[in-house]
Amino acid sequence: MTSPSPAPTSQPGPGFRTAIVPAAGLGTRFLPATRSVAKELLPLVDTPGIEMVATEAAAAGASRMVVVISAGKEAVAAHFQPDPELEATLAGRGKDELLAKVRRAPALLGEVRAVLQDEPLGLGHAVGCAEGTLDDDETVVAVLLPDDLVLTEDGEPGVLERMAAVRSEHGGTVLCAFEVPREEVSAYGVFAVEGDGGDRDVFRVVGMVEKPTPDEAPSSLAAAGRYLLDRAVFDALRRTTPGAGGELQLTDAIALLIDEGHPVHVVVHRGARHDIGNPGGYVRAVVDFALRDAAYGPSLQGWLGERLDRS
């Protein structure tokens, strides 16, 4: 039986408009805290991780964010709604600095909406749940995994901006990678690439291997949680077979696009990054952001030095 023809890859064009943020997970590694607070709302000093991800998307040009949630996680999207009563209370008490912080999230994007993923059927399924929210003329969509914080030095373009520039040149789908020690590749999806990357650290992707052994890994470039997906990916998802546990994997759909000749490139991010999807990584991120904070950094640095001396 002949497979249906894939949707054609969209031509290179302007940057993305919509950012999809899959946030339906139960946060089991943070239990019992996540019984009542969504993992994405846990604060990094005083700012939830989901707000940092939204800030990154907005800085790269997004005007809309679609948060894919499971039942009971409506508060993740509600964080971006105005709170007139709280704002009035802070204004009345002269708490201008706090008022500005409270107003920051609702002002980031023109629209934030929640879409329900009613079953935990994998990242590919979660991304597919958001397809119906896209406008007909959108040819590309960003996906940001909220467990990944990809940091950029002041004055440098963000990784999503770099990815959008690569898509404008080559079309297709653009992914993000970071380099890991060869002995750690078995914890990640790893890219098979061609070319030397050039001065922009951009490679053509020819394949992806999920959690290979160090000897089997085609490179040391591991997938980070940033995707700039050509709209053809939704057709590929419909033609992708669910794997173990009935989960539909986004990497399988991307691999199908590669096999069919769609251009897929990867941009290597060599700056700072935090994995806040587990308590150990989350604590490191909290310490990092607290050290950068003018109010808390100096005293924390002194305390840490004393604490480590006692270890």
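Keep in mind the model is a prediction, meaning the values are calculated, not measured.

Q: Just to check I follow, could you spell out the overall build of the protein chain for this structure?
A: Along the backbone of the protein chain there are 10 helices and 13 strands. Taken against the 2.2 N^0.38 rule, which gives 19 Å for 311 residues, the C-alpha radius of gyration of the protein chain at 20 Å falls within 12% of a compact globule. With the principal axes as the frame, the protein chain shows a C-alpha extent of 70 × 45 × 40 Å. Burial analysis of the protein chain (311 residues in total) assigns 45% to the buried set. In the protein chain, once contacts between residues fewer than 6 apart in sequence are set aside, the share between residues at least 24 apart is 78%. Of the roughly 15,500 Å² of accessible surface on the protein chain, 51% is carried by carbon and sulfur atoms. Treating the 28 positive side-chain charges of the protein chain as one cloud and the 46 negative ones as another, the clouds have centres 4 Å apart.

Q: Teacher, can you tell me more about the packing of helix 1 (residues 49–59) against helix 4 (residues 96–108) here?
A: The geometry of a pair of packed helices is captured by two quantities: the angle between their axes and the separation between those axes. Relative to each other, helix 1 and helix 4 sit at 50 degrees, their axes nearing to 10 Å. Compared by their axis directions, helix 1 and helix 4 come out oblique. Crossing of helix 1 against helix 4: the hand is left-handed. For the pair helix 1 and helix 4, contact is made by Glu51, Ala54, Thr55 and Ala58 and by Arg104, Ala105 and Leu108, respectively.

Q: Got a minute to help me understand the pattern of salt bridges in this structure?
A: Opposite charge on two side chains lets them pair, provided their charged atoms get close. This model, assessed by the stated rule, comprises 20 salt bridges. For the salt bridge of Glu87 with Arg103, the shortest nitrogen-to-oxygen distance reads 3.2 Å. With Glu87 in helix 3 (residues 84–92) and Arg103 in helix 4, the pair connects residues that are 16 residues apart, well separated along the chain. Note on Arg103: relative accessible area 42%, which makes it partly exposed. It is possible to trace a salt-bridge network through shared partners that takes in Arg17, Arg64, Glu111, Asp135, Asp137 and Glu138.

Q: Explanation requested: the packing of helix 3 against helix 4 in the structure shown.
A: At a minimum axis distance of 8 Å, the contact between helix 3 and helix 4 shows a crossing angle of 160 degrees. On the basis of their axis angle, the class for helix 3 and helix 4 is roughly antiparallel. Where helix 3 crosses over helix 4, the two elements pack in a sense that is left-handed. Seen from helix 3, the contacting residues are Leu86, Glu87, Leu90 and Ala91; seen from helix 4, they are Leu98, Leu99, Val102 and Arg103. A class-by-class count of the residues in the contact of helix 3 with helix 4 yields 6 nonpolar, no polar and 2 charged.

Q: What exactly am I supposed to notice about the nonpolar core here?
A: Of all hydrophobic cores here, the largest spans 51 residues; its most connected members are Phe16, Leu44, Met65, Leu144, Leu149, Met163 and Leu228. Not counting residues within four places of it along the chain, the set of residues in contact with Met163 comprises Val174, Leu175, Cys176, Arg226, Tyr227, Leu228 and Val267. Counting residues in hydrophobic clusters, the runner-up holds 33 residues, among them Phe191, Leu229, Val233 and Val266.

Q: Honestly, helix 8 (residues 250–259) in this entry has me stumped. Any pointers?
A: Each turn of an α-helix holds 3.6 residues, which means side chains three or four residues apart point in the same direction. Of the positions making up helix 8, those classed as buried are Leu250, Thr251, Ala253, Ile254, Leu257 and Ile258. Projected onto a plane normal to the axis of helix 8, the buried residues spread over an arc of 160 degrees and lie on a single side. Looking at the residues trailing helix 8, positive phi occurs at Gly261, about 90 degrees.

Q: I'm lost on the environment of Lys95 in this one. Help?
A: Within the fold, Lys95 resides in the loop between helix 3 and helix 4. For Lys95 and Val166, which are 71 residues apart along the polypeptide, the C-alpha to C-alpha distance reads 44 Å.

Q: Sorry, what's going on with the packing of aromatic side chains here?
A: The geometry of an aromatic ring pair is captured by two quantities: the separation of the ring centres and the angle between the planes. Tallied over the entire structure, the rule returns 2 aromatic pairs. Consider the rings of Phe178 and Tyr188, whose centres lie 5.3 Å apart with planes at 85 degrees: the pair is edge-to-face. A residue pair is termed long-range when its members are at least 10 positions apart, and Phe178 in strand 8 (residues 173–179) and Tyr188 in the loop between strand 8 and strand 9 (189–194) qualify at 10 residues. Using a relative accessible area of 22% as the deciding quantity, one classes Tyr188 as partly exposed.

Q: Please explain the UniProt feature "domain: Nucleotidyl transferase" (unreviewed entry) in the protein chain as it appears in this structure.
A: Here, UniProt's "domain: Nucleotidyl transferase" (unreviewed entry) annotation points to residues 19–286. For residues 19–286, helix accounts for 31% and strand for 25%, while the C-alpha atoms at its two ends are 25 Å apart.

Q: What am I meant to see in the confidence of the model for the protein chain here?
A: Close inspection of predicted coordinates is inappropriate for parts of the model with low pLDDT. On average, residues of the protein chain carry a pLDDT of 91, and 95% of them reach 70 or more. Below pLDDT 50 for its whole length, residues 1–14 participates in 28 contacts with residues either more than four positions away or in separate chains.

Q: Help me understand unusual backbone geometry, please; the structure alone is not making it clear to me.
A: Outside of glycine, negative phi angles account for most residues, and trans bonds account for most peptide bonds. The step from Leu31 to Pro32 runs through a cis peptide bond, and the omega angle for that step is 10 degrees. For Pro32, the position within the fold is in the loop between strand 1 (18–22) and strand 2 (43–44). Despite not being glycine, Asp201 has its phi angle at roughly 55 degrees, a positive value. If you trace the backbone, Asp201 turns up in the loop between strand 9 and strand 10 (202–210). The phi dihedral of Lys211 falls on the positive side, at around 50 degrees, and the residue is not glycine. Residue classification places Lys211 among the exposed residues on the basis of a relative accessible area of 52%.

Parameters and conventions
Chains are numbered independently. Their residues run from 1 in the order of the written sequence. Local features in a predicted model are, by the rule used here, given only for residues with pLDDT of at least 70; side-chain atom pairs are given and counted only at 80 or more, and totals for whole chains, interfaces and linings are based on all residues. Calculated side-chain values reflect all of the structure's heavy atoms, with hydrogen atoms and water omitted. Secondary structure follows DSSP: runs of H or I at least 4 residues long count as helices, runs of E at least 2 residues long count as strands, and numbering of each begins at the N terminus. For the radius of gyration, the atoms used are the C-alpha atoms, and the globule rule reads 2.2 Å times the number of residues raised to 0.38. For the exposure calls, accessible area comes from a 1.4 Å probe over protein chains only, and a residue counts as buried if that area is under 20% of its type's maximum, exposed if over 50%, partly exposed in between. In this analysis, two residues are considered to be in contact whenever any of their non-hydrogen atoms come within 4.5 Å of each other. Each accessible area is a Shrake-Rupley estimate made with a 1.4 Å probe; only the visible protein chains count as cover when residues are assessed. Charged residues are defined narrowly, with Lys and Arg counted positive, Asp and Glu counted negative, and His plus the chain ends left uncounted. Each charge is placed at NZ for Lys, CZ for Arg, CG for Asp and CD for Glu. Each axis is a line fitted through C-alpha atoms, and for a helix only the stretch in contact is used; angles between axes span 0 to 180 degrees, taken between their N-to-C directions. Comment on the angle field: the value is read as roughly parallel under 35 degrees, roughly antiparallel over 145, roughly perpendicular from 65 to 115, and oblique elsewhere. By convention, the crossing between two helices is left-handed when the near helix turns anticlockwise from the far helix through less than a right angle, and right-handed when the turn is clockwise. In what follows, salt bridge is the name for a side-chain nitrogen of Lys or Arg lying within 4 Å of a carboxyl oxygen of Asp or Glu. Classes in brief: Ala, Val, Leu, Ile, Met, Phe, Trp, Tyr, Cys and Pro nonpolar; Asp, Glu, Lys and Arg charged; the others, Gly included, polar. Residues grouped as a nonpolar core are buried Ala, Val, Leu, Ile, Met, Phe, Trp, Tyr and Cys residues, joined through side-chain atoms within 4.5 Å. Taking the helix axis as origin, the arc is that swept by the directions to the C-beta atoms. Each pair of aromatic rings taken from Phe, Tyr and Trp, with Trp reduced to its six-membered ring, is defined by centres within 6.5 Å and is described as stacked if the planes are under 30 degrees apart, edge-to-face if over 60, and tilted in the remaining cases. UniProt positions are given in the numbering used here, feature names are shortened, and annotations may be inferred rather than shown by experiment. pLDDT measures the predictor's confidence residue by residue and takes values from 0 up to 100.

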